[in-house]
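Overview (structure and organization)
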Amino acid sequence: MYLSRSLSLSVFLSLSLSVLLSLHPGLPHPFAITVFEDSLYWTDWHTKSINSANKFTGKNQEIIRNKLHFPMEIHTLHPQRQPAGGRNRCGTNNGGCSHLCLPGNKTYTCNCPTGFKKVDQHNCALSLDKFLLFARRTDIRQVSFDTEDMPDDVIPLANVRNAVALDWHAEEGFIYWTDVTTDSINRAQWDGSRQEVVVDTSLESPAGLAIDWVTNKLYWTDAGTDRIEVSNADGSMRTILIWDNLDRPRDIVVDPIGGYMYWTDWGVSPKIEQAGMYASSRIVIISSNLTWPNGLAIDYQTQRLYWTDAGMKTIEFGNFDGSDRQVLISSQLLQPFGLTLHEEKLYWTDWQSRSIQSSNKMTVGNIYQIYIALSPTSVPHSLVQSPCAVNNGGCSHLCLLAPPPKGSSCTCPTGINLQLDGKTCAHGNIATMSYYYTTSTHCTTTHGRLDVLGMCVHMLYWSDSTLKKVSRANINGTAHEDIIATGLITTDGLAVDAVCRKIYWTDTGTNRIEVANLDGSMRKVLIWQNLERWGKELEFGCQSIKTYWGEHAKLERSAMDGLDRLVLISNNLGWPNGLAIDSAGSQLLWADAHTERIEAADLNGLNRRTLVSPVQHPYGLTLLGPHIYWTDWQSRSIQRADKTTGANTITLRSNLPGLMDIQAVDREKPLGFNKCGRRNGGCSHMCLPCPNGTSCACPTGILLKGDARSCDDSPETYLLFSNRVSVRRISLDTNDHTDVHVPVPELHNVISLDYDSVDGKLYYTDVSLDVIRRANLDGTGMETVISQGLKTTDGLAVDWVTRNMYWTDTGRNTIEVARLDGTSRKVLVNNSLDEPRAIAVFPSKGYLFWTDWGHIAKIERAHLDGSDRKVLINTDLGWPNGLTLDYDTRRSSGWMLTCSDLNGKLRQILVSPVSHPFALTQQDRWIYWTDWQTKSIQRVDKHTGRSKETVLANVEGLMDIIVVSAQRQSGTNHCGVNNGGCSHLCFAKTNSFVCACPDDPDSRLCSTMFSGFVPTSPDRETTSTAAPNKIPKAPTDPQQGPPLIKYSFARVTQLTLVLSSFSFLLPQGDWDSGYTKEKIRIVEGVCLLSNEELYWEDLKQLKPSRSGLHKCMHTDTVSLQASSASLDDGETEQLLQEETSECSSINTLTPTIITPQRHPQHSLTPAGPPRTNPPPRVRCKGGLLLHCLPTPTLPP
């Protein structure tokens, strides 16, 4: 059974339902029904269920599925429901029908799609001849006039959110519409195909639309930007026609025959205007007795203009010049909106009655409601001749129609000037002013709140405080890209150094001034101290001028490398916003929104004077030629004045809400030169101009080397911290403590971090994805190492010596371990855990520490294999979160910033109270921690708990924090060389190590042969605890031979062998060359040959011996990694043969054949009288140190 939204019941099912209802009149609200075999199935709205009953009797009712939200249609799908054998009356050729063939009882009928008329018995018209288009906000429909019933049909379009204006291009077959929700102009074929967005930038409320079907131009009004614009029908070559003295323009129509366009404006002074189609000869034709003039329609036959007025509730008409005005309809109208005309009838939409109505266009007669609708309508147009048809009217870009006698006019896209010939547009801007709205710019467009801009030759740069980005694009809007997308809060000031190709910006959120290359690379913090609330910044030559305003507003200057700061003006300032430098006149100009003045001074701050006063609320300021230009928030305008005297103030543009910055560019002005422009000034990274020449600099957090020209790739010591959706770095090599985003991709909810300094990998847990991942710090090489079996991995620790990683899982209450690549995964602790959180390792000591903030909060310690578990602290704990180890003083710190030794003793409170500490780490004399409540990273002296200071503030979602330093990850342990000889997992202890196998076996045989005691150096006495599977150390009296130590080799049968300590058991006499380095690497110090095939299968390192006789050769090292990595098979064989030869001079008893037994323990013990052996002979070959020692006497 399947539910659907359609409603289709057969006669049989309807009758069956009636029978069912008659038998059981208590059914609450049955909706749809289906049948299969002997059962009926139906949906019920009231019980929200699917039910069944016998189809003959109505009995045996049962609920199939309940708790459904308004179950609708239901069908049974089964081959029985579509029995074979029926006759297809339409045949194989669709009955000869061009469209639909509908079978009947005895024959068939050809039908047409909705609204299409038949041209003969079998064929339909290929298109609609006469039809009406209308919009219902979320869909666009057509009403066909070709059939008597005038049906409507939805045009299949995607993503129609709020369609308002419509028009139709008959020749191309395109429907055009505006959408005031997506702020776009779109088009598609009448059948919904070829749908595309034509214009989607710098639109706020496109309410009117008109197609010039003669020249293929698109005209539209925008009530948000108060502009009338035009473009080609595909949206290219867009230009603004009219932008002043517009106040809420609404509908627009064009008359290609006469060369005029008309539009309604229902602002403060409602009116209907006329202008040439290239914006010439603009006049107001109707301005009285208007309230909300909405829809417009042109009657080309009678030369009349019709309009609707939703306020006056009338439909009127008049001549094209506004004369002979008459009211056509003044009653029965509620709120007319859209209007169109076809032949002798007018059609209009009414918002209040939600209908389309019609009437005779000449006299008032009956008003007919033909369909429900919401928005404007249109009909196809006729064709006329155009002066633009031949060679585009001689225009290089746009050819627009004009009233006679001119006929046409050439126009250029916005920002490009028309040359003196009146036909050709310049190739680019020579002098341009760019100004930002909150959602658009005059030169190019983007989305979001645009605050401040800069220009560099062909590129436009701007900041967006909503998106927290700095972006750039070409003047024509192409090649848009974000150059700074992290670490920004409120970028209020921006300046471009086109010579050195640098971009400078101020950020009032972070209180910093930064610089970067024009592509956003090599970003550096220049100034971060003694800043309040910065306004603007502007570079000039080798100096940088800044304004900031707060409690003590002032204008400041520094070199462009951030040095040599100097306060220029600090009195009589309020909100100094705009800044501009007149290099020709050597003066600094600024706009102050608080004092309502535009002032000027010399570049050293002297000779201060007022240029323009009062100005209402100036924000952006720029210079071009002899004038200054500024944006004004209150008057919503762009104004101009003389830059020297402030005289001749005029308004260039008005009605521009949300004005922000403004920038002028003169492309004919030379850029200038400094030493950074050639070979980057000899700097490896950044070259910044300064009064004495140039200054080399490094990206944030990296120190300049001693040669004062080159930089390292990264800091030596730094913090890494996470705030759920990002990982950031704070260098401890420099004093600015600026956070730099680490470009790790696909971060969702990062909790814990750790770093492996050996491979340079960052490891992190993401609890949204329940994964553990690793990546390089440049964002490359990201891979998931653990992807299954995780719930909430709150803690993570990397053992950089053994190459293991440990993690806590709060969701599963486990502590687990795996190799760094995610293999050999094993659960270490899974009992008596209740929300384990932080975890830390001490590889050189073999310890593992973790916090648990469950019902009984505690801090515990165990060996790295999870053994010898011990509770260190379980009193006076609340939520023990962070945990860190001081590897120098061997103390642990955590919870409420408390420290103790590694045994939980000598507990000491460093800082209390602390708001809500989460994670902490340690470096040198400092303890660093993240705090959820203060949203900051703080630090304190680890010895005294004093000198508390905030490292970084205002960071949401702070989580883990670690220190990356080569000195911090030092030391070694017994697993540090070749994994201690273990095949999978090696866990170091103080004086021993343990081999372990993963919980899920892999394709490799797991060996724990060398688990246990590691012999200490003979020149010092060391005591240690034997491992569980180790026998006591044998005496080393030379009379008794070498020591015998027990080792185990794990397999499924738990076979245990007892072998001589670190020995090679080699055959006596000839032997083949089958002893490869791979086999030696597996054995890690023991190569055992036997004539039993079973051991070869068990151990993967036993091989049949020809004689079965054995000789012993002893080595003092556990691992053969040096030799096995440096010797090939032949060299290994030669080495063993040479050592056998050297040891052959030693007199030994010939042992009998030994066959190791499959027994849990089997010892090789010396027998016979004591012997005096010669001193060992030592040879070093291929990195392997071999001692030739006597072979012990083997028992018979």
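Because the structure is predicted, anything quoted here is derived from the model rather than measured.

**Some remarks on the overall build of the protein chain**
- Helix and strand counts for the protein chain come out as five helices and 90 strands.
- Evaluated residue by residue, the protein chain yields a buried proportion of 54% over its 1196 residues.
- Partitioning the contacts of the protein chain with sequence separation of at least 6, the portion at a separation of at least 24 is 44%.
- Just so you have it, the protein chain exposes about 52,700 Å², and 49% of that area is on carbon and sulfur atoms.

**Examining the nonpolar core**
- Grouped together as the largest cluster of nonpolar side chains are 33 residues, with contacts concentrated most on Tyr176, Leu218, Tyr219, Ile242, Met261 and Trp263.
- Discounting chain neighbours no more than four positions away, the residues touching Tyr176 are Ala165, Leu166, Asp167, His169, Asn186, Arg187, Val198, Leu209, Ile211, Leu218 and Ala233.
- With 31 residues, the next largest nonpolar core counts Tyr847, Ala857, Leu885 and Phe987 among its residues.

**Things to note about the pattern of salt bridges**
- Counted under the stated rule, the structure contains 38 salt bridges.
- Asp139 is the partner of Arg136 in a salt bridge, and the nearest nitrogen-oxygen pair spans 3.9 Å.
- On the basis of relative accessibility, which here comes to 26%, the residue Arg136 falls in the partly exposed class.
- With a relative accessible area of 14%, Asp139 lands in the buried category.
- Via salt bridges that share partners, Arg512, Glu514, Arg523, Arg728 and Asp739 belong to a single interconnected network.

**Some details on the environment of Ile185**
- In this fold, Ile185 is placed in strand β14 (residues 184-189).
- Judged by its relative accessible area of 0%, Ile185 is buried.
- Between the alpha carbons of Ile185 and Ala163 there is a distance of 9.4 Å; along the sequence they are 22 residues apart.
- Dropping the residues within four chain positions of it, Ile185 is found in contact with Trp177, Thr178, Val197, Val198, Val199, Leu203, Leu209, Leu218 and Trp220.

**Side note on empty space enclosed by the protein**
- Tallied over the full model, the rule gives eight cavities of 30 Å³ or more.
- The computed volume of the largest cavity comes to approximately 370 Å³.
- Asp754, Ile839, Leu883, Ile962 and Arg968 are, among the 29 residues lining the largest cavity, the residues nearest its centre.
- Among the secondary structure elements, those contributing two or more residues to the lining of the largest cavity are β62 (750-756), β66 (793-799), β70 (836-842), β74 (883-886), β78 (917-923) and β82 (961-964).
- Broken down by element, the lining of the largest cavity gets its largest block of residues, five residues, from β70.
- In the lining of the largest cavity, the residues fall into 19 nonpolar, six polar and four charged.

**A word on the pairing of strand β30 (residues 355-360)**
- Of all six residues that make up β30, five are buried, and the element is covered over most of its length.
- Pairing of strand β29 (residues 345-350) with β30, which is carried by six bridges, proceeds in the antiparallel orientation. The residue of β30 that forms the bridge with Leu346 is Ser359.
- Adjacent in sequence and paired antiparallel, β29 and β30 are bridged by four residues, among which Arg354 carries a positive phi angle near 55°.

**Considering the UniProt feature "domain: EGF-like" (unreviewed entry) in the protein chain**
- According to UniProt, the positions carrying the feature "domain: EGF-like" (unreviewed entry) are residues 89-125, 387-426, 675-712 and 974-1007.
- For residues 89-125, the helix share is 0%, the strand share is 22%, and the end-to-end C-alpha distance is 24 Å.
- Taken as a whole, residues 675-712 contains 0% helix and 26% strand, while its terminal C-alpha atoms sit 23 Å from one another.

**Regarding unusual backbone geometry**
- With an omega of 5°, the peptide bond running from Pro404 to Pro405 counts as cis.
- By the secondary structure assignment, Pro405 is in the loop between β33 (398-401) and β34 (408-411).
- The omega torsion across Ser613 and Pro614 is 0°, close enough to zero to call that bond cis.
- With respect to the element layout, Pro614 can be found in the loop between β51 (609-612) and β52 (618-624).
- In this structure, Arg724 takes a positive phi of about 75° despite not being glycine.
- Among the secondary structure elements, Arg724 is positioned in the loop between β59 (718-722) and β60 (727-731).
- Residue classification places Arg724 among the partly exposed positions, given a relative accessible area of 30%.

**Some thoughts on the state of the cysteines**
- Counted by the stated rule, this structure contains twelve disulfides.
- Disulfide pairing places Cys90 opposite Cys101 at an S-S distance of 2.0 Å. Looking down the S-S bond of the Cys90 and Cys101 bridge, the torsion is -100°, so its handedness is left-handed. Placement of Cys90 in the loop between β6 (73-75) and β7 (100-103) and of Cys101 in strand β7 is noted, with a sequence separation of eleven residues between them.
- With no disulfide partner, Cys500 has as its closest neighbouring cysteine sulfur the one in Cys676, 4.1 Å distant.
- Here Cys500 falls in the buried class, since its relative accessible area comes to 6%.

**Regarding the environment of Leu603**
- Here Leu603 lies in the loop between β50 (597-602) and β51.
- For the pair formed by Leu603 and Ile581, sequence separation is 22 residues and the distance between their alpha carbons is 8.4 Å.

Thresholds, definitions, all that
- Residues numbered from 1 in each chain as written.
- Predicted model: local features only at pLDDT ≥ 70, side-chain atom pairs only at ≥ 80, totals over all residues.
- Heavy atoms only, no water.
- Helix = DSSP H or I, 4+ residues; strand = E, 2+ residues; numbered from the N terminus.
- Buried < 20%, exposed > 50% of the residue type's maximum accessible area, 1.4 Å probe, protein only.
- Contact = heavy atoms within 4.5 Å.
- Areas by Shrake-Rupley, 256 points an atom, 1.4 Å probe, with all protein chains shown as cover.
- Core = buried A, V, L, I, M, F, W, Y, C linked by side-chain atoms within 4.5 Å.
- Salt bridge = Lys/Arg side-chain N within 4 Å of Asp/Glu carboxyl O.
- 1 Å grid on protein atoms, 1.4 Å probe; cavity = no way out; pocket = protein on both sides within 12 Å on 5 of 7 lines; lining within 4 Å.
- Points joined across faces, edges and corners; volume = space filled by probe spheres on them.
- Nonpolar A, V, L, I, M, F, W, Y, C, P; charged D, E, K, R; others polar.
- Pairing = 2+ DSSP bridges.
- UniProt positions renumbered as here; feature names shortened; annotations may be inferred.
- Disulfide = S-S within 2.5 Å.

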